[in-house]
Amino acid sequence: MTQVPFWVVIPAAGVGSRMQADRPKQYLPLGNRVLIEHTLDCFLGHPDLLGLVVCLSEEDTFWGHLDFAYDPRITKAAGGKERADSVLNGLDRLFAKGADPDDWVLVHDAARPNLSQGDLNKLLNTLQRDPVGGLLAVPVRDTLKQVDAEGRVRATPDRRQFWQAYTPQMFRLGMLRDALARALEAGALITDESSAMEWAGHAPRLIEGRSDNIKITRPEDLEWLAGLHS
């Protein structure tokens, strides 16, 4: 396996309102730890990790109580209003730490705690010489429906054209920072790092990953994942 040194940015400033919980979803318990601890494990256990930045809200009162808060490989950055703002802050923090524009950086959801080492290595090794970068993704399995404003079906598109975008998403630090900054300045709708790169005219590559690398967004997601850790 080829060495692919990489940085990681974890945007973790969201509140997770759909979870209807008393704390941001990344701090909900999963087994004997909280979600974000499981999320960080996959990266901190990798020998090619250069460092990791966690982007936190100013109101965050939970991070400081975790053992990971004192790991020397982890640096904090300020969270932003939206995910893209947080990621941009995290990238700037990496530059302040001496990262190079040509370094690889992986951006991963704080509430996606089931990333496997196999998928992480597959992403790193497949994209190591790619001119753009890419992301883990999964082909859509179910039939899709396009609806109108009243919720009625307008069409059934060919699902073979569609994939679900997952994370990590892996790009060169300088390219991603430039794409995010310009897209935000232009007021473009940026939902993930790939969409910023697409807006800038690049075509990221999709790397098929495991479908159980889910993002926790609803209570039933956490219940399902808890069953795997019981």
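This text gives an overview of the structure that appears in the document.

Cut-offs and rules
Residues numbered from 1 in each chain as written. Predicted model: local features only at pLDDT ≥ 70, side-chain atom pairs only at ≥ 80, totals over all residues. Heavy atoms only, no water. Buried < 20%, exposed > 50% of the residue type's maximum accessible area, 1.4 Å probe, protein only. Helix = DSSP H or I, 4+ residues; strand = E, 2+ residues; numbered from the N terminus. Contact = heavy atoms within 4.5 Å. Pairing = 2+ DSSP bridges. Axes fitted to C-alpha atoms, helices over the stretch in contact; angles between N-to-C directions. Core = buried A, V, L, I, M, F, W, Y, C linked by side-chain atoms within 4.5 Å. Salt bridge = Lys/Arg side-chain N within 4 Å of Asp/Glu carboxyl O.

What to know about helix H3 (residues 117-127)
Phase 1: Residues of H3 that are buried include every one of Asp 119, Leu 120, Asn 121, Leu 123, Leu 124 and Leu 127, and no others.
Phase 2: Where the residues of H3 are buried, they touch strand S1 (6-12), helix H1 (35-44), strand S6 (104-107), strand S7 (133-139), strand S10 (163-172) and strand S11 (205-208).

Points about the sheet that holds strand S5 (residues 74-78)
Phase 1: An order of S5-S4-S1-S6-S10-S7-S11 is seen for the seven strands of this open sheet, with the pairing classed as mixed. Looking at which strands have only one partner, the edges of the open sheet turn out to be S5 and S11. Here the strands of the sheet are splayed against their neighbours by 30 degrees on average, with no regard to which way each runs.
Phase 2: Pairing between S1 and S6: four bridges, direction parallel. Directly across from Val 8, in S6, lies its bridge partner Leu 106.

Section: the nonpolar core
Phase 1: In this structure, Ile 10, Ile 36, Leu 40, Phe 43, Val 54, Trp 63 and Leu 106 are the most contacted members of the largest nonpolar core, which totals 33 residues.
Phase 2: Looking at this core, the elements with two or more residues in it are S1, H1, strand S4 (49-56), S6, H3, S7 and S10.
Phase 3: The biggest single contributor to this core is H1, with five residues.
Phase 4: The next biggest cluster of nonpolar side chains, apart from the first, holds 24 residues, and it includes Ala 77, Phe 171, Leu 176 and Ile 190.

Section: the pattern of salt bridges
Phase 1: In the structure shown here, the tally under the stated rule is nine salt bridges.
Phase 2: For Asp 41, the salt bridge identified is with Arg 33, shortest N-O distance 2.3 Å.
Phase 3: Note on Asp 41: relative accessible area 31%, which makes it partly exposed.
Phase 4: Of the charged contacts, one joins Asp 71 and Arg 73 as a salt bridge, the two residues approaching to 2.8 Å between their closest N and O atoms.
Phase 5: Accessibility expressed as a relative area gives 13% for Asp 71, which makes it buried.
Phase 6: The exposure class assigned to Arg 73 is partly exposed, which follows from its relative accessible area of 37%.
Phase 7: In this structure, a network of salt bridges that share partners links the residues Arg 83, Asp 109, Arg 112 and Glu 193.

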